[in-house]
Structures are given as C-alpha cells and as structure tokens.
Amino acid sequence: MSAPGEGAARFGDTELPREQHDALRRATRLQWIGIAYLLSCVVVVFVVMGSSQAMKVAWVEDLLSLVPPLVFLASLRSIRRPHSPERPYGHHRAIGSAHLASAVALFGMGAFMVFDSGSGLLKAEHPPIGTYQLLGQTVWAGWVMIAAMVYTGAGPVILGHLKKPLAETLHDKVLWADADMNAADWRTAAAAILGILGIGVGWWWADSVAALIIAASIVKDGVTGIKNALRDLMDGEARTHDDERTHPLVGAILTAARGPAWVADAAVRVRDQGHLFHVEVFVVPTATVAVADLEALAARISELDWKLHDVVVAPVSRLPDAVRSTPASG
Amino acid sequence: MALAVAGAVVLGGCAAIPADPDGTLDRVRTQGVLRAGASPGADRIEVAGADVSGPEAAVVQDFAASLGAHVAWSVGGEEELVAAMERGELDLIAGGLTDASPWSDRVALTRPYITSASPDGERKHVLAVPMGENALLFALESWLDGRAP
C-alpha cells in the first residue's frame, strides 16, 4: 500500500496510503521552499524597512510565518515514533502542541504590535522616509519598500494555495493554519503598501493605521489558533482540518457501529490526536455477544479511513451520558 | 481607504510624492526663508555671536539658495534645537551631527553626505529635518547627492 524506504511514510504505527504518502512528501518539499523564500523576505524587508511602522509589522509577520513550517517539520520527526507502554497513545499530540505553540507566538507578537502601532498613532509620530542613491539617481525609499512588499506578498499566496489541499489530505491542522496565513499574506503586503503611499501623499497617520490593521489580523489568527488547538488538546470531538464542523467520519463510524444485527444501540467518542483519531465505540448488544464479533466490528471501523488507527469497541448494558449517539447536525 | 490613497496618488502624480504633512518645503520656497538651527560641533560649524560659519553652514546656505531662500539662523545647544524643531520652529539643524546621533527618534536624519576623520574613527556627517517632512528630506538628500563632493 505504501512505498517503503521513505522515512516519513508513517505516522507512528500507521502506514500512510499512497495519496497521503505523496501529499506528505510534497508538503515537506513546499515547507523547505517556503522557509528559504521567507528567509529571503525577512532579509529584504529588514534592509528596506526604515522607520515605517507598517513595514516593521510586516517584517515581524514574515519572521513569525517561519514558525509554522519549522514546527511542521519538527513535529513530523516526533510523530513518526511508534507508541509504547509508556506512550500508549503514540506521539501524535506533537501536532496539537505545535499548533498551540505557533498560535501563542502569533497572538503574543500581534498584541505587542497592536500596542506599538497604537502608541505611535496616539503620539502622532510622523514617520520619516528618506532616499536611496541607486545608479546615480536619488530614489524615494518608499518606492523601494513598495517593491519589497510586492516581492514578499506574491510568494506566500502561491505557496498557501498549494499547501491547502495537502493539509486537507493529511488532516494536518498546523499545515492548514500555515497555508491559511500564507494565503492571506497579500493583505499584509497590500496594507503596508497603502501605508507607505499614504506617507507619500503626506498622511503621516496612514502608516500606523495600516500597521494596526495588520497587527489586528495577526491577533485574530492567534486567537482562532489558540481556541482550535486547545479544543483538540482538551479532547474535543474530532473536527475537520479547518475546524469548521464535526468531522464526517464521526457520523460514518456511528453508522458502521449500528450495522451488525446484534447491535441494539451504539454511541461513539472520537478525539483528534493530530492526524489520527482515537475512537471509542459503545455498543448495547441485543443478547450475549462474542468477543470475535466485537473485534470484527473494531476492524471494520478501522478500515473506514486511514486516520482511524486506534479503535476500541466496548459492550455496555446502557449507553454512557454525553456521548454521541446521533449524527452531528453541522 | 484604498481608493482614497490610489486617487490621491493618481491626482498628485509622482512629482508630489513624497509630500510634507506640514508643508515645510512649500513654505520655504514661497516665503524664501529656511529656518535653520546651528550648534557648534565637530569642526563642521562654528558660531561667533550671531555669526554662523564653517563648511556645514556653507552647505545649508547653498541648499537654501537652491530653493530660492535665504537662511535665518537660530543658535543653541543641540537639545534646545531639537525641541524647537519638534515645536515646528525650525526646518533644518546643522550641528556637526553624525549618523550615530542619539536624536534620530526625534528628528529625521539625512543619509551621510560627507565623512571626516576623527580620533575615534571615521565620522559620517548628517543634517536633520523635522520628522515626517518627507518632501523636504527628499529635496535635501537629492540636492546633497547632486552636489560635488
């Protein structure tokens, strides 16, 4: 099913199907390309940013967007390790921890930048933008900054749109959050450009306002990320890669659990451990049930999807409270 | 805001970018007076009574002449001059300032326009204009670039 030899072809003890295997290889390659590109952006923006507040915030955002790709590559190393009696659930939670770490980094820097730009605006700081001497011509530095922002704004948008489908295939929330941030990066660049043009026409406040808008969007990304990461870490019900709704597999598992004739009623508890789901199925049998039947049901549920790596079927006389026994509405 | 900025850029044309929020450059051109602060420093500028001289004083006078203006000097210590500039009372400061000046977050420094040797290494000399008066800064730096070294 999966080509041998590739180190990243498995998540813990779970072998990846061909599609996921290829997606993982492409995602890894994209992340390295992205890191190289972002490093070039960080250098370019640092060289030209001068005293523009919006450029400073855009630079910090470029620096911060290095965190998710690095965290993604680092977490791939740890989730490959198999589970053991000491680590009975494997190392998949590395994804959740990575998700939380990058979200907290976003939120912290965003909040600092809101404060920094806001105080600049309150103090009515007038940002000076001087000139460069290029090929014997004196050029306003604002034009150079705008060129730099066009360069840093274009690449992430392309990378983001390439990463999104891979994140969905791999059910990787770190990759998704990263792709989402990348895809929205043109807004940062556009805001910074408007801020600089604003300074150009003599609106000293335009730069700080642009910086505030960018910083506020970083804070928003951070808050959303923290909320979603915490839900997974606190064993919330598994949701789709974009955290938009309950994962459709939950309903599929419930249907499968109700399949056999010997099942009178069933309920499921599915949590996202990072890529892979941990599934507990409670079944109320119509009469005495054989262990082999329980095991066959667990095996059938595991085969529904590669993500269902750890399925436990428990026979009970009565379904426990607050466990999903009806499909999610949305 | 996007449309407003784009509109302003189109209407203004490239010649109007960068502009001064407080219109300093226009005022110097129309009134014919460049209000400059002088503080003695680094053998670049000397002050004797109300008389300001030295190579940096000459640079300022030539720049003012290029705008069709004459220089009205105010003499004082650097801190006094910086405070006056923040109150909008000065258009330029010449005080043997270098690119290492601690005033860089209160006034806008030009790129270094000349270097000189000193006991503690090379000095890169700059002039100062009010924060954010980018048309004036652009005019001054362009003029300094175009001037024979």
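The structure displayed is predicted, hence computed values, not measured ones.

1. Some details on the overall build of chain B
(1) Moving on: Within chain B, the secondary structure is distributed over five helices and nine strands.
(2) Moving on: Listing each helix as α and each strand as β along chain B from the N terminus yields α-α-β-β-β-α-β-α-β-β-β-β-β-α.
(3) Moving on: Within the span of chain B, comprising 149 residues, buried residues form 41% of the whole.
(4) Moving on: Contacts in chain B between residues at least 24 apart in sequence constitute 64% of all its contacts with a sequence separation of at least 6.

2. Quick word on the overall build of chain A
(1) Moving on: In terms of regular secondary structure, chain A is built from 10 helices and seven strands.
(2) Moving on: Taken over the C-alpha atoms alone, chain A extends approximately 90 × 45 × 30 Å along its principal axes.
(3) Moving on: Buried residues in chain A amount to 46% of all 330 residues.
(4) Moving on: Pairs at least 24 residues apart make up 69% of the contacts formed inside chain A by residues separated by at least 6 positions.

3. Comments concerning the sheet that holds strand 5 (residues 263-272) of chain A
Residues and elements named next belong to chain A.
(1) Moving on: Taken in spatial order, the three strands line up as 5-6-7 in an open sheet, and their pairing is mixed. The open sheet has two free edges, formed respectively by strand 5 and strand 7 (308-315), since each of these has just one partner strand. Averaged over neighbouring strand pairs, the angle between their axes works out to 20 degrees when direction is ignored.
(2) Moving on: Two elements, strand 5 and strand 6 (residues 277-285), share nine bridges in a ladder whose sense is antiparallel. Considered in strand 6, the bridge of Val270 is made with Val279.
(3) Moving on: Packing of helix 9 (residues 248-258) onto the sheet brings it into contact with strand 5, strand 6 and strand 7, and relative to strand 5 it is tilted by some 155 degrees.
(4) Moving on: Sheet strands touched by helix 10 (residues 291-302): strand 6 and strand 7. Its angle to strand 7, the strand with the most contacts, is close to 150 degrees.

4. A closer look at helix 5 (residues 134-146) of chain B
(1) Moving on: With 13 residues, helix 5 of chain B extends 18 Å between its outermost C-alpha atoms, agreeing within 8% with the 18 Å of an ideal straight helix rising 1.5 Å per residue.
(2) Moving on: Taken residue by residue, helix 5 of chain B has Asn134(B), Ala135(B), Leu136(B), Leu137(B), Phe138(B), Ala139(B), Leu140(B), Glu141(B) and Leu144(B) as its buried positions.

5. Re unusual backbone geometry
A negative phi angle characterises most non-glycine residues, just as the trans form characterises most peptide bonds.
Residues and elements named next belong to chain A.
(1) Moving on: For Leu135, which is not a glycine, the phi torsion comes out positive at approximately 50 degrees.
(2) Moving on: Relative to the assigned elements, Leu135 resides in the loop between strand 3 (131-134) and strand 4 (137-140).
(3) Moving on: You can call Leu135 exposed: it has 5 C-beta atoms within 10 Å.
(4) Moving on: Phi at His275 takes a positive value of approximately 70 degrees, unusual for a residue other than glycine.
(5) Moving on: Using a count of 26 C-beta atoms within 10 Å as the deciding quantity, one classes His275 as buried.

6. Some words on the UniProt feature "domain: Cation efflux protein transmembrane" (unreviewed entry) in chain A
(1) Moving on: The sites that carry the UniProt feature "domain: Cation efflux protein transmembrane" (unreviewed entry) are, in the present numbering, residues 35-234 of chain A.
(2) Moving on: For the annotated span residues 35-234 of chain A, helix accounts for 77% and strand for 4% of the residues, and the straight-line distance between the end C-alpha atoms is 31 Å.

7. A word on the interface of chain B and chain A
(1) Moving on: Counting residues at the interface gives 23 residues for chain B, matched by 19 residues for chain A.
(2) Moving on: Those elements that place two or more of their residues in the side of chain B that touches chain A are helix 1 (2-12) and helix 5 of chain B.
(3) Moving on: Considering every element that reaches the side of chain B that touches chain A, the biggest residue donor is helix 5 of chain B, with six residues.
(4) Moving on: Classifying every residue of the side of chain B that touches chain A gives 14 nonpolar, five polar and four charged.

8. Notes on the nonpolar core
All names here are of chain A.
(1) Moving on: Membership of the largest hydrophobic core comes to 128 residues, with the highest contact counts inside it found for Ala192, Ile214, Ile253, Ala257 and Val281.
(2) Moving on: Among the elements that take part in this core, helix 8 (residues 205-233) stands out by supplying 10 residues, more than any other.
(3) Moving on: Those residues within four positions of Ile214 in sequence are excluded, and the remaining contacts are Ala54, Val57, Ala58, Glu61, Thr188, Ala191 and Ala192.

9. What to know about the domain arrangement of chain A
Residues and elements named next belong to chain A.
(1) Moving on: Each assigned domain of chain A is listed with its residue range as follows: domain 1 (10-233) and domain 2 (248-315).
(2) Moving on: Between domain 1 and domain 2, the C-alpha centre-to-centre distance is 40 Å.
(3) Moving on: Contact residues are listed per partner, giving 17 residues for domain 1 and nine residues for domain 2.
(4) Moving on: Considering every element that reaches the side of domain 1 that touches domain 2, the biggest residue donor is helix 4 (residues 94-122), with three residues.
(5) Moving on: Counted by class, the side of domain 1 that touches domain 2 contains eight nonpolar, five polar and four charged residues.

10. Description of the UniProt feature "transmembrane region" (unreviewed entry) in chain A
(1) Moving on: Mapped onto the present numbering, the UniProt feature "transmembrane region" (unreviewed entry) falls on residues 30-51, 57-76, 97-115, 140-162 and 183-206 of chain A.
(2) Moving on: Between the first and last C-alpha atoms of residues 140-162 of chain A the distance is 36 Å; the span itself is 96% helix and 4% strand.

11. A closer look at the pairing of strand 3 of chain A
All names here are of chain A.
(1) Moving on: Sheet analysis places strand 3 next to strand 4, joined by four bridges and oriented antiparallel. Along strand 4, the bridge assignment pairs Tyr132 with Val139.
(2) Moving on: The antiparallel hairpin formed by strand 3 and strand 4 contains two residues in its connecting segment, where Leu135 sits at a positive phi of about 50 degrees.

12. Concerning the packing of helix 2 (residues 53-64) of chain A against helix 8 of chain A
Residues and elements named next belong to chain A.
(1) Moving on: Taken N-terminus to C-terminus, the directions of helix 2 and helix 8 make an angle of 20 degrees; their axes are 7 Å apart at the nearest point. The angle between helix 2 and helix 8 places the two elements in the roughly parallel class. Between helix 2, through Gln53, Ala54, Val57, Ala58 and Glu61, and helix 8, the contact on the second element is made entirely by Asp207, Ser208, Ala210, Ala211, Ile214, Ala215 and Ile218.
(2) Moving on: For the contact of helix 2 with helix 8, the residue count by class is eight nonpolar, two polar and two charged.

13. Things to note about the environment of Val283(A)
Residue and element names in this part refer to chain A.
(1) Moving on: Relative to the elements of secondary structure, Val283 occurs in strand 6.
(2) Moving on: For the pair Val283 and Val263, spaced 20 residues apart in the sequence, the C-alpha separation amounts to 6.3 Å.
(3) Moving on: Ignoring anything within four residues of it in the chain, the contact list for Val283 reads Ala257, Val263, Ala266, Val313 and Pro315.

14. Digging into the environment of Val59(B)
(1) Moving on: Relative to the assigned elements, Val59(B) resides in helix 3 (residues 55-66).
(2) Moving on: The spatial distance from the C-alpha of Val59(B) to the C-alpha of Val33(B) is 15 Å, given a sequence separation of 26 residues.

Quick notes on the rules
- Residues numbered from 1 in each chain as written.
- Chains lettered and ligands numbered in written order.
- Predicted model: local features only at pLDDT ≥ 70, side-chain atom pairs only at ≥ 80, totals over all residues.
- Helix = DSSP H or I, 4+ residues; strand = E, 2+ residues; numbered from the N terminus.
- Buried ≥ 20, exposed ≤ 12 C-beta atoms within 10 Å, placed from the backbone.
- Contact = placed C-beta atoms within 7 Å.
- Pairing = 2+ DSSP bridges.
- Axes fitted to C-alpha atoms, helices over the stretch in contact; angles between N-to-C directions.
- Expected span 1.5 Å × (residues − 1).
- UniProt positions renumbered as here; feature names shortened; annotations may be inferred.
- Nonpolar A, V, L, I, M, F, W, Y, C, P; charged D, E, K, R; others polar.
- Core = buried A, V, L, I, M, F, W, Y, C linked by C-beta atoms within 7 Å.
- Domains from an automatic or database assignment.
- Parallel < 35°, antiparallel > 145°, perpendicular 65-115°, else oblique.

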